[in-house]
Amino acid sequence: MGRKRERGFPRDPEPLPVPVVDNHTHLDAIADVLPERAGGDGEPAPTVADHVRRAAAVGVDRMVQVGSDLPSVGWTDALLRGADAAALLGAVAIHPNEAVLHAGVREVGPDGLEPHPEAHHDVPLDDAIARVAQVARENPRVRAVGETGMDLFRTGPQGERAQRESFRAHIALAKELGLALQIHDRDAHAPVIEVLLADGAPERTVFHCFSGDAEMAELAAEHGWYLSFAGPVTYPKNAHLREALRTVPLELVLVETDAPYLPPHPFRGQPNAPYVAAHTVRAMAEVLERPLDEVCRAISDNSGRVYGSW
């Protein structure tokens, strides 16, 4: 009989010696992913304030909330304007898989899943990006355009064209507004890099949930692009991610949860949250064979260079 899988959030880690930033989290989505599990044992899902308090208690004292579809762009904008947003900055964009639906593409990609457009996808892609631009211009706590990029796991040739168009528009927006860029790159390393080199990457460019190898990490470092590592860097089969982490200079390393997705080993299958970044940071320090406080301090400093002050 197999091991019973935990249903609630991962256990709390020991507090970090130096506070760090979770530079990519989806606070609006945590309660939406199997909400009956989110609190464990039928307890209500934690609020944003609960997540902020729990994260701060273990040394994850700042975070970047990412709104990557039209509803979450509006939610993020409102959250950042609230009275309790001191620990939060934001990033907004139309996710590449969302861009496909806004463009009216309804093809099946390599994942084999039928697309399921919702009412907000009736908004044309150009208009959706215009809404992102409006929020990014008007909200001073939005410090990044993202997540944008390409995802060739979930779309075919028509969708790829829509994603490329959207990606280029987001790159132009980030450069126009002097904001950082957060990139989603799934099964699309070559075309993403091709677009960045052809159009010119923003000064502060981050590969969110980096999924490349050491060779790609070397190329990113040559251009000063930041690599953000999430739970997958801890998965036993992902030796290529650990090699990439060892390859990139520490001054270009960030950490994230991508909550509620991708919790680190051994918590796969449980809902993720910003405080869990402390588990990932510890694992990263072990991979790098460097003192934990040194790695934490570098991540904190790097985050400040990318996003500014909180």
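Treat the numbers as computed from the prediction; the structure is a model and nothing was measured. (Residues numbered from 1 in each chain as written. Predicted model: local features only at pLDDT ≥ 70, side-chain atom pairs only at ≥ 80, totals over all residues. Heavy atoms only, no water.)

### Structural notes on the sheet that holds strand S6 (residues 205-207)
Sheet strands pair by backbone hydrogen bonding; their relative direction is either parallel or antiparallel.
In step 1: Strand order in the open sheet made by the eight strands is S1-S2-S3-S4-S5-S6-S7-S8, with parallel pairing throughout. Across the chains shown, the open sheet's two edge strands, defined by having one partner strand only, are strand S1 (20-25) and strand S8 (253-255). Strand-to-strand, the axes of this sheet are offset by a mean angle of 30°, without reference to chain direction.
In step 2: Seen against the sheet, helix H3 (residues 48-57) touches strand S2 (60-67) and strand S3 (88-92) and runs at an angle of roughly 140° to S2.
In step 3: Each of strand S4 (142-151), strand S5 (180-186) and S6 is contacted by helix H8 (residues 189-199), which is oriented at about 155° to S5, the strand it contacts most. (Pairing = 2+ DSSP bridges. Helix = DSSP H or I, 4+ residues; strand = E, 2+ residues; numbered from the N terminus. Axes fitted to C-alpha atoms, helices over the stretch in contact; angles between N-to-C directions. Contact = heavy atoms within 4.5 Å.)

### Points about the pairing of strand S7 (residues 226-229)
In step 1: Where burial is concerned, the two faces of S7 agree: the one with Tyr226 and Ser228 and the one with Leu227 and Phe229 are both buried.
In step 2: Bridge analysis of S6 against S7 gives two bridges, and the strand direction is parallel. Paired with Phe207 across the strands is Leu227, a residue of S7.
In step 3: Viewed along the sheet, the connection from S6 through helix H9 (residues 214-223) into S7 turns out right-handed.
In step 4: With three bridges joining them, S7 and S8 adopt parallel strand pairing. By the bridge assignment, Leu227 is partnered in S8 with Val253.
In step 5: Considered for its hand, the β-α-β crossover made up of S7, helix H10 (residues 239-247) and S8 is right-handed. (Buried < 20%, exposed > 50% of the residue type's maximum accessible area, 1.4 Å probe, protein only. Right-handed = clockwise from strand over helix to strand, strands pointing away.)

### Here we look at helix H6 (residues 125-138)
In step 1: Across its 14 residues, H6 extends 20 Å between first and last C-alpha, which sits within 8% of the 20 Å expected from 1.5 Å per residue.
In step 2: Of all the residues in H6, the buried ones are Leu125, Ala128, Ile129, Val132, Ala133, Val135 and Ala136. Projection of H6 onto a plane perpendicular to its axis shows the buried side chains occupying an angular sector of 165°, all on one side. (Expected span 1.5 Å × (residues − 1). Arc of directions from axis to C-beta.)

### As for the nonpolar core
In step 1: Residues Phe167, Leu196, Phe207, Phe210, Phe229 and Tyr307 are the most contacted members of the largest nonpolar core, which totals 90 residues.
In step 2: In this structure Leu196 touches Phe167, Ile171, Leu181, Ile183, Ala201, Phe207 and Trp225, once residues within four positions along its chain are discounted. (Core = buried A, V, L, I, M, F, W, Y, C linked by side-chain atoms within 4.5 Å.)

### A word on a negative patch on the surface
In step 1: A cluster of acidic residues, Asp213, Glu215, Glu218 and Glu222, forms a negative patch at the surface.
In step 2: According to the relative accessible area criterion, Glu215 is exposed, its value standing at 62%. (Patch = residues over 30% accessible without salt bridge, like charges linked within 9 Å, V, L, I, M, F, W, Y side chains within 5 Å. Areas by Shrake-Rupley, 256 points an atom, 1.4 Å probe, with all protein chains shown as cover. Salt bridge = Lys/Arg side-chain N within 4 Å of Asp/Glu carboxyl O. Lys, Arg positive; Asp, Glu negative; His and termini not counted. Charge placed at Lys NZ, Arg CZ, Asp CG, Glu CD.)

### Notes on the packing of aromatic side chains
In step 1: Under the defined criterion, the tally for this structure stands at four aromatic pairs.
In step 2: With centroids separated by 5.9 Å and ring planes inclined at 65°, the aromatic side chains of Phe210 and Phe229 adopt a geometry described as edge-to-face. Of this pair, Phe210 sits in the loop between S6 and H9 while Phe229 sits in strand S7, placing them 19 residues apart in sequence.
In step 3: With relative accessibility at 0%, the residue Phe229 sits in the buried group. (Phe/Tyr/Trp six-rings, centres within 6.5 Å; stacked < 30°, edge-to-face > 60°.)

### Focus: the packing of helix H7 (residues 157-177) against H8
In step 1: The contact between H7 and H8 brings their axes to 11 Å, and the two run at 45°. Taken together, the axes of H7 and H8 are oblique relative to one another. Pair H7 / H8 crosses with right-handed handedness. Of H8, the residues touching H7 (which contributes Arg164, Phe167, Arg168, Ile171 and Lys175) are Pro191, Val192, Glu194, Val195, Leu196 and Asp199.
In step 2: Each residue belonging to the contact of H7 with H8 can be placed in one class, and the counts come to six nonpolar, no polar and five charged. (Parallel < 35°, antiparallel > 145°, perpendicular 65-115°, else oblique. Left-handed = near helix turned anticlockwise from the far one by under 90°. Nonpolar A, V, L, I, M, F, W, Y, C, P; charged D, E, K, R; others polar.)

### Digging into the pairing of S1
In step 1: The element S1 is largely enclosed, with a buried count of six among its six residues.
In step 2: Relative to S2, S1 runs parallel, the two being bridged by four bridges. Pairing of Asp22 across the sheet is with Met63, part of S2.

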